[in-house]
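Here is what each chain is made of, one letter per residue.
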Amino acid sequence: MSETIRILAIESSCDETAAAVVENGRRVLSNVIFSQIELHKLYGGVVPEIASRKHIEKISQVIEAALDESGMTLQQMDAVAVTYGPGLVGPLLVGVSMAKALCFATGLPLIGVHHIEGHISANYIENQQLEPPFLTLVVSGGHTHLVIVRDYGVYEVIGQTRDDAAGEAFDKVARAIGLGYPGGPKIDRLSAEGDPLAIRFPRAKVEDSPYDFSFSGLKSAVLNYLNGCEMKGEAVNRADVAASFQKAVIDVLVEHTMEAADALGLPRLAIAGGVAANSSLRMAFVHACEEKKIAFYHPSPSLCTDNAAMIGAAAYYEYRSGRRSGLDLNAVPNLKLGER
Ligand code: KG4
Ligand code: ZN
């Protein structure tokens, strides 16, 4: 194995067409993202077929741009990595097919990466000193997972959502108060103008599963509150609704995570996924971790949401442990963390 390992990584599991070149899992030489958000805004959410078509249109350009920006050629890569699940099957297939074609043409090894493993690994990029074991909370549009990272590539899921993902709740509530898609960043901004204590929304606990989450009751409570206001002819203070909803989500995420960190005696916590970009969530964890003397890590907002650099970071550790995928790699829309 040569000393420096460079990986071309591809991510297309949802509505971002992304490619990156990452050196030794921690140094990003390029990170190119074509976001389809503008396209899907019209429909209030991601339309899978439209996303697939756009990925096909953009993927070659995005890969070329990533190689160009890194100052490297495909021949100088040591491997090609690609997200193969979980995600939308059509979009995933575009990335997987492209990665397989590049490997077939060049003879480079192929590494299939789990999307959530990518989100978690985004933390390695800006925190050079972070190493397993640590506890991590993955909060994205499709996932809410509390995971122990035992070692590189070794994960133990100790809690997850029973219904909506945290990001999904943000998106649905944003839509209900007329903020549009994607709702997370909009609720984040609007909350700064509202009172988080104005409305008391419920904080759900899942019986007998202290580390599991449930957000569908909270979402219904917000919808009921909005309906109630409408029926009474009362004006809705959207900033107060956003801030109170956001606080309810954050309280639950922080409480469950800190309980787990305490019980397991893990001195390091990292957060990951699109919702980890939320400014109030970060602040809440900064305070909670300070109090408990736990080291807290989080990626920059641009590395929290979907990108290919995180896939390159995860792929490096897969590469180092000798794991390779065959050219029969397929997209697995409901791939579980830890499954291969
Ligand atoms: O990780 P991601 O880009 O895609 C998935 O793997 O799902 O996460 C997207 C989710 C969306 O639900 C979006 O609303 C949410 O992350 N999000 C945020 C923020 N930025 C993105 N949620 C709350 N606050 C934010 N600042
Ligand atoms: Zn994601």
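In what follows, the structure referred to is the one given above.
All figures in this text were calculated on a predicted structure; none of them were measured in a lab. (Residues numbered from 1 in each chain as written. Chains lettered and ligands numbered in written order. Predicted model: local features only at pLDDT ≥ 70, side-chain atom pairs only at ≥ 80, totals over all residues. Heavy atoms only, no water.)

**Q** Can you help me understand the sheet that holds strand S7 (residues 144-151) in this one?
**A** What links the strands of a sheet is backbone hydrogen bonding, and the strands pair in either a parallel or an antiparallel sense. Read across the sheet, 5 strands follow the order S8-S7-S6-S9-S10 without closing on themselves; strand pairing throughout is mixed. The two strands at the open ends of the sheet, each matched to only one other strand, are strand S8 (154-160) and strand S10 (295-297). Ignoring strand direction, the axes of neighbouring strands in this sheet form an average angle of 25°. Strand direction decides the pairing type here: strand S6 (residues 134-139) and S7, joined by 6 bridges, are antiparallel. Paired with leucine 135 across the bridge in S7 is isoleucine 148. Helix H4 (residues 115-126) rests against S6, S7, S8, strand S9 (268-272) and S10 of the sheet, and its axis sits at about 120° to S6. Against the sheet, helix H9 (residues 279-292) engages S6, S9 and S10, with an angle of about 175° to S9. (Pairing = 2+ DSSP bridges. Helix = DSSP H or I, 4+ residues; strand = E, 2+ residues; numbered from the N terminus. Axes fitted to C-alpha atoms, helices over the stretch in contact; angles between N-to-C directions. Contact = heavy atoms within 4.5 Å.)

**Q** Before we go on, may I ask you to explain the packing of aromatic side chains in this structure?
**A** Aromatic ring pairs are defined here through the distance separating the ring centres and the angle between the ring planes. In this structure the tally under the stated criterion is 9 aromatic pairs. Note on phenylalanine 201 and tyrosine 225: the rings are 5.9 Å apart at their centroids and 90° apart in plane angle, and the pair reads as edge-to-face. A residue pair is termed long-range when its members are at least 10 positions apart, and phenylalanine 201 in the loop between helix H6 (183-191) and helix H7 (216-232) and tyrosine 225 in helix H7 qualify at 24 residues. Look at phenylalanine 201 and you get buried, because its relative accessible area is 3%. For tyrosine 225, a relative accessible area of 29% gives the class partly exposed. (Phe/Tyr/Trp six-rings, centres within 6.5 Å; stacked < 30°, edge-to-face > 60°. Buried < 20%, exposed > 50% of the residue type's maximum accessible area, 1.4 Å probe, protein only.)

**Q** Even after reading the chapter, I still don't get the pairing of S9, so can you show me in this structure?
**A** One face of the sheet, then the other: side chains in a regular strand alternate in exactly this way. Among the 5 residues in S9, 4 count as buried, and that is most of the element. Note that S9 and S10 share 3 bridges and pair parallel. Bridging from a neighbouring strand, alanine 270 pairs with tyrosine 297 of S10. Of the crossover connections in this fold, the one passing from S9 over H9 to the parallel S10 is right-handed. (Right-handed = clockwise from strand over helix to strand, strands pointing away.)

**Q** Where do I start with the environment of leucine 190 in this structure?
**A** Structurally, leucine 190 is set in helix H6. With a relative accessible area of 14%, leucine 190 lands in the buried category. Residues leucine 190 and valine 241, 51 residues apart in the sequence, show an inter-C-alpha distance of 9.4 Å.

**Q** Whenever I open this one, the coordination of the zinc ion (ligand 2) confuses me. Can you help?
**A** Coordination angles at a metal have ideal targets, namely 109.5 degrees for four tetrahedral donors and 90 or 180 degrees for six octahedral donors. Protein coordination of the zinc ion (ligand 2) is provided by His115 (NE2), His119 (NE2) and Asp306 (OD), with donor distances spanning 2.0 to 2.1 Å. Around the zinc ion (ligand 2), the 4 donor atoms are arranged such that angles at the metal cover 95 to 131°; this shape is classified as tetrahedral. (Donors = N, O, S within 2.8 Å, 3.2 Å for Na, K, Ca; no water. Tetrahedral: all angles 85-135°; square planar, octahedral: opposite > 155°, others 65-115°.)

**Q** Before we go on, may I ask you to explain the side chain of threonine 136 in this structure?
**A** When you line up the elements, threonine 136 lands in strand S6. Accessibility expressed as a relative area gives 0% for threonine 136, which makes it buried. A distance of 2.9 Å separates a polar side-chain atom of threonine 136 from the backbone oxygen of alanine 270. For threonine 136, the residues in contact, after removing those within four places along its chain, are Ile120, His145, Leu146, Val147, Val149, Leu269, Ala270, Ile271 and Ala272. (Polar contact = N/O pair within 3.5 Å; in protein donor to acceptor, adjacent residues only side chain to side chain.)

**Q** How should I be thinking about the site of ligand 1 in this particular structure?
**A** Near ligand 1, the surroundings consist of 19 residues, among which Gly141, Asp171, Gly184, Asp188 and Asn278 are the closest. Within the backbone of aspartate 306, one N or O atom sits 3.0 Å away from an oxygen atom of ligand 1. Alone, ligand 1 offers 550 Å² of accessible surface; in the complex the protein occludes 89% of this. More than half of the atoms belonging to ligand 1 lie within 2 Å of the grid points that define the largest pocket. Listed by contribution, the elements that provide at least two residues to the shell around ligand 1 are H4, helix H5 (166-176) and H6. Residue composition of the shell around ligand 1, grouped by class: 5 nonpolar, 11 polar and 3 charged. (Near = heavy atom within 4 Å. Areas by Shrake-Rupley, 256 points an atom, 1.4 Å probe, with all protein chains shown as cover. 1 Å grid on protein atoms, 1.4 Å probe; cavity = no way out; pocket = protein on both sides within 12 Å on 5 of 7 lines; lining within 4 Å. Sits in = over half its atoms within 2 Å of the grid points. Nonpolar A, V, L, I, M, F, W, Y, C, P; charged D, E, K, R; others polar.)

**Q** Is there a simple way to think about the environment of aspartate 195 in this case?
**A** Locating aspartate 195 in the fold gives a position in the loop between H6 and H7. In this structure aspartate 195 comes out as partly exposed when scored by relative accessible area, which is 36%. In the structure, aspartate 195 is positioned 47 residues away from alanine 242 in sequence and 8.7 Å away in space, judged by C-alpha atoms. Sequence-distant contacts of aspartate 195, that is, excluding residues within four places in its chain, are made with Asp240, Ala243 and Ser244. Here leucine 197 takes part through its backbone nitrogen, which lies 2.8 Å from a polar atom of the side chain of aspartate 195.

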